[in-house]
Amino acid sequence: MAATLCGKLLTKPGWLPLTQCGRVRHMSKSVTRHRRPMHIIKQKLLAVTEYIPPRRVAAGAYPSQDKKVEESGLVLILKKEVEKVFEDCKMIAVLQNNGSNSEDMLTLRHRLHKHGLIVKFFPNEVIRTFLKDSQYCNMAPLFIGHTVLIVSKQGKVKEMLSTLRGSPQMVLLGACIDGTLLSAQGVQHYAKLPSVTTVQGELVSGLTMLTSRTASMLQHHPAHLSALLRQYVRQQEAPAAEPGAKAGEVEGAVA
Amino acid sequence: MKILCAGIKTYDIPPDYSGMVLPDKPKLKFLNKVPNLKKAKKEKKKLRDIQGPAQAANTFTAGNYAIVAMGGGYIHWGHIEMIRLTINRKMDARSTFAKWRINAPYKPITRKGLGQRMGGGKGAIDHYVTPVRCGRLVVEVGGRVELGEVEPILTEVAKKLPFPAKVVSRESLAAMQAEQEEKELNNQNRWTFREVARGNMLGIRKVLSPFDLHNHGRFTGKFHLPGRV
């Protein structure tokens, strides 16, 4: 019966033979009381193609703010701790934890601790609620997935980067150093900069050199000074035919 | 301390029924139990007539409130009598009218007599039914009434029908349709039944029926799957 039906249907042009062969009726399908069992593949298709409503909030870093959930005590304590960290610490680096085990984490913490760097764990929700109202709100997109904070009261960026080089599981996402939000690239550039004291020393030495040179010139013999001044006057009186050569002469004299 | 306060209450403006004309016979008509045919012919089951969405009588004509079928099914003459008696008894005929949106039973159902041996051909016609598809209006109610007045009557009736049914007004039906359209438009799922079935992805049409190409998986037989787009 089925074969003859198939043969009939196959002869019709424009009909899909596969579909139609699958649709040949082999048994009574007249039960209308209950739903007929669905094919497993159709069930899967229905599951895959379910309706997904659009998200109310525009795509952003924050979860929806519709629901108001009472904060538990632990959350409040964590929030206070986060606040304290953000207040006290000069450097707050955000890292992504890519499945590092406890041993790796322990060695990393130990190595960081040598430089006075502390590893902190906070739930992302807590950090986001803190960031939302604070001046650090632009850091919010960093806190997605498994995140770890490395904080220090002195900005020891160079030490942190050198320590992190030994642990590939931790990926630096960004950092807030001295109230400036830096990307991972920015942190590396920042680490290459000389320290503030060196720069200040260079500046001070540069400034003092000028005065010291003036002072040393003044301390020369007065005859030398008078000779220089006489030379200068002569140059002024002479026609400005060869200013380059004269200037070179004067400079040579000064040096 | 007792605080006395006085105020003025502003009521909603009642709806304007000035243009409303009630028909001559506002009550539901009696529908025949058996169609008046010269020769009654046995028919096949033809379950297609309750499958999928309704193509006819799925919009309002005269009334404002209605019972809408949310699934397919067969209405018997008994159901029709129940609807007619309940609504005619409870509605106020001076301000309200009711109107059938279904036809009198016309589809013959055959049965074999009790204690008869199997075989011997198709049984005799036992009774007649009216097939109703999902989304069809069964009765319409209108007149100088608001939904709150007729809703209890209609819900009482809708509960007793052989398929899921609910009471709608013109506005709520339009809202339902608009919501469905909006859902179809703003579905965030990139994989839609329509595209998968049309494209015959992974040869899926082997397990789909041709009706799924039209209904996009919103119906299985007479059953409506709510929440699907």
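On a predicted model such as this, the values are computed, not experimentally measured, just so you know.

Colleague: Teacher, can you tell me more about the overall build of chain B here?
Modeller: The secondary structure content of chain B amounts to five helices and nine strands. Along chain B, helices and strands appear, N-terminal first, in the series β-β-α-β-β-β-β-α-β-α-α-α-β-β. Looking at chain B residue by residue over its 229 residues, the buried ones come to 41%. If you sum the accessible surface of chain B, you get close to 14,100 Å²; carbon and sulfur atoms cover 54% of it.

Colleague: What exactly am I supposed to notice about the interface of chain A and chain B here?
Modeller: Interface extent is often summarised as the accessible area lost during association of the parts. Across the boundary between the two partners, chain A contributes 22 residues, which contact 28 residues of chain B. Counting the surface lost from both chain A and chain B, the interface buries some 2,400 Å², and carbon and sulfur atoms represent 67% of this. Applying the counting criterion to the chain A and chain B interface returns one salt bridge. Our enumeration of links across chain A and chain B arrives at seven residue pairs in polar contact (both at pLDDT 80 or more). Sort the elements by how many residues they give to the side of chain A that touches chain B and helix α3 (residues 40-48) of chain A lands first, with five residues. In the side of chain A that touches chain B, the residues fall into ten nonpolar, six polar and six charged.

Colleague: It is not clear to me how the packing of aromatic side chains should be interpreted in this structure. Could you clarify?
Modeller: One pair of aromatic rings is described through two measures. These are the centre distance and the angle between the planes. Residues and elements named next belong to chain A. Here the structure, examined in full by the defined rule, presents three aromatic pairs over all chains. Ring plane angle 55 degrees and centroid distance 4.9 Å describe the contact between Phe86 and Tyr136, whose orientation is recorded as tilted. Of this pair, Phe86 sits in helix α4 (residues 73-88) while Tyr136 is found in the loop between α6 (124-133) and β3 (147-152), placing the two residues 50 residues apart along the sequence. Here the two residues Phe86 and Tyr136 agree in accessibility, since each one is buried.

Colleague: Just to check I follow, could you spell out the nonpolar core for this structure?
Modeller: Grouped burial of nonpolar side chains is what soluble globular proteins tend to show. All names here are of chain B. Counting 28 residues, the largest nonpolar core has Ile67, Ile83 and Ile87 as its most contacted members. Mapped by element, the contributors of at least two residues to this core are β1 (65-69), α1 (77-90), β3 (96-100), β6 (137-143), α2 (147-159) and β7 (165-169). The greatest single-element share of this core, amounting to five residues, is contributed by α2. Apart from residues no more than four positions distant in its own chain, Ile83 is found in contact with Leu28, Trp100, Val138, Val139, Val157 and Leu161.

Colleague: I keep staring at the packing of α4(A) against α6(A) and nothing clicks. Help me out?
Modeller: A packed helix pair is summarised by two numbers, namely the angle formed by the two axes and the spacing between the axes. Residue and element names in this part refer to chain A. α6 packs onto α4 with a crossing angle of 60 degrees between their chain directions and a minimal axis gap of 9 Å. When the axis of α4 is compared with that of α6, the two are oblique. Between α4 and α6 the crossing geometry is right-handed. Taken together, the residues of α6 that come into contact with α4 (itself represented by Val75, Leu78, Lys79, Val82, Glu83 and Phe86) are Val126, Ile127, Thr129, Phe130 and Leu131.

Colleague: I tried to follow the sheet that holds β3(B) on my own but got confused; where do I start?
Modeller: What holds strands together in a sheet is hydrogen bonding between their backbones, with the strands either parallel or antiparallel. All names here are of chain B. Strands sit in the order β3-β6-β1-β7 across an open sheet of four strands; the sheet is antiparallel. Each edge of the open sheet carries a strand with a single partner, namely β3 and β7. Strand-to-strand twist of the sheet, defined as the mean angle between neighbouring strand axes without regard to direction, takes the value 20 degrees. In the sheet, β3 pairs with β6 via five bridges, with the strands oriented antiparallel. Within β6, the residue paired with Phe97 across the bridge is Gly142. Packing against the sheet, α1 makes contact with β3 and β6, and its axis sits at approximately 170 degrees to β3. Of the strands in this sheet, β1, β3, β6 and β7 are in contact with α2, which crosses β1 at around 25 degrees.

Colleague: Help me out: how do you make sense of the confidence of the model for chain A in this one?
Modeller: Low pLDDT marks stretches whose predicted atomic positions should not be read closely. All names here are of chain A. A residue-level look at chain A finds 76% of positions with pLDDT of 70 or above and a mean pLDDT of 80. Confidence drops under pLDDT 50 across residues 1-23; counting only partners more than four residues distant or on other chains, this segment forms 15 contacts. This stretch, residues 245-255, has a pLDDT under 50; its non-local contacts, to residues over four places away or in other chains, come to five contacts.

Colleague: Any chance you could explain α2(B) here in plain terms?
Modeller: Owing to its 3.6 residues per turn, the α-helix brings residues three or four apart onto one side. Residues and elements named next belong to chain B. Compared with an ideal rise of 1.5 Å per residue, which puts 13 residues at 18 Å, α2 spans 17 Å between its outermost C-alpha atoms and is within 8% of the ideal. Roughly 25 degrees is the biggest bend found in α2, and it falls at Ile153. Along α2, the residues that are buried comprise Val150, Ile153, Leu154, Val157 and Ala158. Looking at the buried residues of α2, the elements they touch are β1, α1, β3, β6 and β7.

Colleague: Please clarify how unusual backbone geometry should be interpreted in this entry.
Modeller: Keep in mind that most residues, glycine aside, have a negative phi and that most peptide bonds are trans. At Asp178(A), a residue that is not glycine, the phi angle is positive and equals roughly 55 degrees. Residue placement: Asp178(A) occurs in the loop between β4 (170-177) and β5 (180-183). Exposure remark for Asp178(A): the relative accessible area of 43% places this residue in the partly exposed category. A positive phi angle, close to 55 degrees, is found at Leu202(B), a residue other than glycine. Structurally, the position occupied by Leu202(B) is in the loop between α4 (193-199) and α5 (210-215).

Scoring rules and cut-offs
- Residues numbered from 1 in each chain as written.
- Chains lettered and ligands numbered in written order.
- Predicted model: local features only at pLDDT ≥ 70, side-chain atom pairs only at ≥ 80, totals over all residues.
- Heavy atoms only, no water.
- Helix = DSSP H or I, 4+ residues; strand = E, 2+ residues; numbered from the N terminus.
- Buried < 20%, exposed > 50% of the residue type's maximum accessible area, 1.4 Å probe, protein only.
- Areas by Shrake-Rupley, 256 points an atom, 1.4 Å probe, with all protein chains shown as cover.
- Contact = heavy atoms within 4.5 Å.
- Buried area = accessible area lost by both parts, 1.4 Å probe.
- Salt bridge = Lys/Arg side-chain N within 4 Å of Asp/Glu carboxyl O.
- Polar contact = N/O pair within 3.5 Å; in protein donor to acceptor, adjacent residues only side chain to side chain.
- Nonpolar A, V, L, I, M, F, W, Y, C, P; charged D, E, K, R; others polar.
- Phe/Tyr/Trp six-rings, centres within 6.5 Å; stacked < 30°, edge-to-face > 60°.
- Core = buried A, V, L, I, M, F, W, Y, C linked by side-chain atoms within 4.5 Å.
- Axes fitted to C-alpha atoms, helices over the stretch in contact; angles between N-to-C directions.
- Parallel < 35°, antiparallel > 145°, perpendicular 65-115°, else oblique.
- Left-handed = near helix turned anticlockwise from the far one by under 90°.
- Pairing = 2+ DSSP bridges.
- pLDDT = per-residue confidence, 0-100.
- Expected span 1.5 Å × (residues − 1).
- Bend = angle between axes of the 7 residues up to and from the residue.

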